[in-house]
Amino acid sequence: MRRAMIVCHSQTEALKCVRLLEGAGVGGTLRKPPRDKIDNSCAWGVRIRAGDLFNARRRMQEKNFCPSRIY
Amino acid sequence: MIYFDNAATSLQKPHEVYWEMQAAMQRAGGYGRSGHRPALRAGELVYECRELAVRLFGLEAPEQVIFTMNATHALNQAIHALTDAQTHAAITGYEHNSVVRPLEERGIPYEVMHSAPFDAEGLLRAARHALENGANLFIMNHMSNVFGGIIPLEALDSLLADAGIPMIVDASQSAGAIEINAKRLRSAAAICMPGHKGLLGPQGTGMLLICSDKLKRPLMQGGTGSLSAELKQPQLLPDRFESGTPNVPGIAGLAAGLRYILREGGRAGRQERRLREIMAESLAGIAGIETFTASESIRQGGVLSFRHSGIASETIAECLAEYGICVRAGLHCAPLAHQSAGTLDTGTVRISFSPFNTRTEIRDFCDKLCEILQKL
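Residues numbered from 1 in each chain as written. Chains lettered and ligands numbered in written order. Predicted model: local features only at pLDDT ≥ 70, side-chain atom pairs only at ≥ 80, totals over all residues. Heavy atoms only, no water.

1. Observations concerning the interface of chain B and chain A
In step 1: In this assembly, 23 residues from chain B lie in contact with 14 residues from chain A.
In step 2: Between chain B and chain A lies a buried interface of about 1500 Å² when both sides are counted; carbon and sulfur atoms form 53% of it.
In step 3: Counting across the chain B and chain A interface gives three salt bridges.
In step 4: Between A:K16 and B:E63 there is a salt bridge; the shortest N-O distance is 2.5 Å.
In step 5: Across the chain B-chain A interface, the total number found is six residue pairs in polar contact (both at pLDDT 80 or more).
In step 6: Residue composition of the side of chain B that touches chain A, by class: nine nonpolar, seven polar and seven charged. (Contact = heavy atoms within 4.5 Å. Buried area = accessible area lost by both parts, 1.4 Å probe. Salt bridge = Lys/Arg side-chain N within 4 Å of Asp/Glu carboxyl O. Polar contact = N/O pair within 3.5 Å; in protein donor to acceptor, adjacent residues only side chain to side chain. Nonpolar A, V, L, I, M, F, W, Y, C, P; charged D, E, K, R; others polar.)

2. Here's the deal with the layout of surface pockets
Residue and element names in this part refer to chain B.
In step 1: One number sums up the size of the largest pocket: a volume of about 420 Å³.
In step 2: Along the walls of the largest pocket sit 21 residues, with A177, I178, E179, I180 and R273 positioned nearest its centre.
In step 3: Within the residue set of the lining of the largest pocket, elements represented by two or more residues are α2 (37–57), α6 (153–163), α7 (248–264) and α8 (267–284).
In step 4: The element that contributes the greatest number of residues to the lining of the largest pocket is α8, accounting for three residues.
In step 5: Looking at the lining of the largest pocket residue by residue, the classes come out as eleven nonpolar, five polar and five charged.
In step 6: Estimates place the volume of the second largest pocket at around 350 Å³. (1 Å grid on protein atoms, 1.4 Å probe; cavity = no way out; pocket = protein on both sides within 12 Å on 5 of 7 lines; lining within 4 Å. Points joined across faces, edges and corners; volume = space filled by probe spheres on them. Helix = DSSP H or I, 4+ residues; strand = E, 2+ residues; numbered from the N terminus.)

3. Topic: the sheet that holds strand β8 (residues 206–210) of chain B
All names here are of chain B.
In step 1: Spatially, β2-β8-β7-β6-β5-β3-β4 is the arrangement adopted by the seven strands of the open sheet, whose pairing is mixed. This sheet does not close on itself; its edge strands, each paired only once, are β2 (65–68) and β4 (110–113). Averaged over all pairs of adjacent strands, the angle between strand axes in this sheet comes to 20 degrees, irrespective of strand direction.
In step 2: Taken together, the three bridges between strand β3 (residues 89–92) and strand β5 (residues 137–141) define a ladder with parallel strand orientation. (Pairing = 2+ DSSP bridges. Axes fitted to C-alpha atoms, helices over the stretch in contact; angles between N-to-C directions.)

4. Brief notes about α2(B)
Since there are 3.6 residues in each turn of an α-helix, residues three or four apart along the chain are aligned in direction.
In step 1: Taking 1.5 Å per residue as the helical rise, α2(B) with its 21 residues ought to reach 30 Å, and the 30 Å between its terminal C-alpha atoms agrees with that figure.
In step 2: Following α2(B) by one or two positions, B:G58 adopts a phi angle in the positive range, close to 60 degrees. (Expected span 1.5 Å × (residues − 1).)

5. Concerning the nonpolar core
Residue and element names in this part refer to chain B.
In step 1: Counting 54 residues, the largest nonpolar core has F57, F138, I191 and M207 as its most contacted members.
In step 2: Element by element, the count of residues in this core is highest for α2, at nine residues.
In step 3: Excluding its chain neighbours within four sequence positions, the residues that come into contact with F138 are A90, M113, A127, A130, L131, L160, I165, P166, M167 and I168.
In step 4: Within the second largest apolar cluster, 27 residues are counted, among which are L283, L304, C319 and C366. (Core = buried A, V, L, I, M, F, W, Y, C linked by side-chain atoms within 4.5 Å. Buried < 20%, exposed > 50% of the residue type's maximum accessible area, 1.4 Å probe, protein only.)

6. Section: the packing of helix α1 (residues 11–22) of chain A against α2(B)
In step 1: Two elements in contact, α1(A) and α2(B), have axes separated by 10 Å at closest approach and are oriented at 75 degrees. By the angle class used here, α1(A) and α2(B) are roughly perpendicular. Contact residues: A:Q11, A:T12, A:L15, A:K16 and A:R19 in α1(A); B:A39, B:L40, B:G43, B:E44, B:Y47, B:R50 and B:E51 in α2(B).
In step 2: Grouping the constituent residues of the contact of α1(A) with α2(B) by class yields four nonpolar, three polar and five charged. (Parallel < 35°, antiparallel > 145°, perpendicular 65-115°, else oblique.)

7. Digging into the pattern of salt bridges
Where side chains of opposite charge bring their charged atoms close, a pairing between them can arise.
In step 1: One pass over the full model with this rule turns up 14 salt bridges over all chains.
In step 2: Between A:D52 and A:R49 there is a salt bridge, with its nearest N and O atoms 3.5 Å apart.
In step 3: Its relative accessible area of 40% is what places A:R49 among the partly exposed residues.
In step 4: Across the pair B:D162 and B:R186 runs a salt bridge, and its minimum N-O distance is 3.4 Å. Placement of B:D162 in helix α6 and of B:R186 in the loop between β6 (167–170) and β7 (188–194) is noted, with a sequence separation of 24 residues between them.
In step 5: When its relative accessible area of 56% is taken as the criterion, B:R186 is described as exposed.

8. Here's the deal with the confidence of the model for chain B
In step 1: Confidence in the prediction for chain B averages 97 pLDDT; 100% of positions are at 70 or higher.
In step 2: Overall fold confidence (pTM) sits at 0.96, and the ipTM for the predicted complex is 0.89. (pLDDT = per-residue confidence, 0-100.)

9. A look at the environment of B:S352
Residue and element names in this part refer to chain B.
In step 1: Inspection of the secondary structure puts S352 in strand β13 (residues 348–352).
In step 2: Between the C-alpha atoms of S352 and D5, which are 347 residues apart in sequence, the distance is 5.2 Å.
In step 3: S352 has contacts with F4, D5, N6, A7, G302, V303 and N357, leaving out every residue within four places of it along the chain.
In step 4: From its side chain, S352 meets the backbone nitrogen of N6 in a polar contact 2.9 Å long.

10. Observations concerning the sheet that holds strand β9 (residues 289–292) of chain B
To summarise the sheet geometry, strands pair through backbone hydrogen bonds and adopt either a parallel or an antiparallel arrangement.
Residues and elements named next belong to chain B.
In step 1: Taken in spatial order, the four strands line up as β9-β10-β13-β12 in an open sheet, and their pairing is antiparallel. Pairing within the sheet leaves two strands with one partner each, and these edge strands are β9 and β12 (328–330). If you compare each strand with its neighbour and ignore which way they point, the axes differ by 25 degrees on average.
In step 2: Sheet strands in contact with α8 are β9, β10 (303–308) and β13, and its direction is about 15 degrees off that of β10.
In step 3: Together, β9, β10 and β13 form the strand contacts of helix α11 (residues 359–375), whose direction differs from that of β10 by roughly 15 degrees.

Next up, the structure:
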């Protein structure tokens with residue numbers, strides 16, 4: 001299954017992202033993204049199904065949540 | 001044993017507090033750093049506690065909750081972050097040494113807003129006067145740890161918000177017992193509280209609720225598990241103020257305490273106030289005892305101080321302890337409060353309730369106290 005990663009600045013921010021996505025029916029799990037995919041070391045990410053990315057983006061926009069990066 | 005020393009630390013906790021702490025010790029790893037299951041569990045536990053605090057205190061976001069060792073730590077952090085060379089602080093006449101000593105240590109000029117115990121109007125007048133004198137930071141003890149007096153927080157907040165002056169709220173005795181809604185407190189920059197008193201969590205826990213972007217300077221710097229390539233402290237919350245590994249088992253216990261308080265929906269505070277009323281009525285009938293009570297019961301929480309005309313407060317507390325009755329005697333780390341009440345030379349015996357105390361305990365306490373006074 002294809003996955004997408006929402007990269008956040010901290011674990012707290014990533015957990016906030018998980019809760020926020022849950023509110024839109026999008027399941028996400030906390031992960032540490034690999035170094036080549038992040039702008040800062042020790043970032044945290046939320047892994048979701050690639051098929052959920054559209055809904056996830058919309059939800060984050062609605063809630064004014066700005067992740068560091070999405071891939 | 002009868003435990004009436006809850007203003008220092010609540011001893012009886014909901015059972016979930018013990019269970020959650022034990023589970024965290026057995027199953028939660030390092031917080032916020034690694035990505036394995038025990039570490040993620042720690043992250044979840046801590047985040048859930050933030051969410052519970054958001055619900056209980058009407059905050060907007062979990063990152064506004066900073067975990068500290070205790071209220072003293074939270075107050076030191078808030079004072080450190082909000083003061084500079086231009087600060088002119090105003091404090092109530094009931095502040096604890098955890099406010100006065102950080103101000104003294106930093107050489108921050110402060111004025112004491114003198115008012116008699118339980119005198120809400122007097123405090124409001126003193127606050128207006130301090131504003132006229134140029135005070136630009138107010139530090140307010142929401143509920144006195146010595147007398148249980150509750151300040152008119154909303155009226156003071158309104159006064160300060162209109163003047164654009166920030167306030168630090170010391171909620172050491174009120175958190176868990178009195179409703180505090182951060183959204184409604186327009187002037188509150190920070191609200192500080194312990195986890196181990198009214199919130200029924202364990203010792204070694206506390207919270208600083210950040211209500212303003214004016215708090216910049218952290219008391220400590222170090223590892224946060226975020227932005228590790230940067231040599232400067234991250235500015236994002238809560239990481240700015242949370243360096244080093246936190247007390248995860250303690251925070252898990254605190255979360256259980258918060259869940260209990262939320263579930264009970266204000267019952268704890270009502271029960272404590274009612275017990276204080278009953279105790280005050282009972283003590284009123286004992287010769288030589290002077291109690292300190294508010295004329296309006298709503299202005300006093302579950303803390304009651306008394307002293308005896310001929311016997312030292314410490315002696316009474318010591319005799320009570322021999323019967324297995326736990327109270328505290330002395331100045332309670334708040335000499336200003338005793339100056340305000342005129343009890344600096346005698347101190348007081350302090351009785352402080354928790355939601356787990358009962359009327360039977362009050363009856364037993366009074367019986368034993370009478371017995372002791374007859375003997376001395």
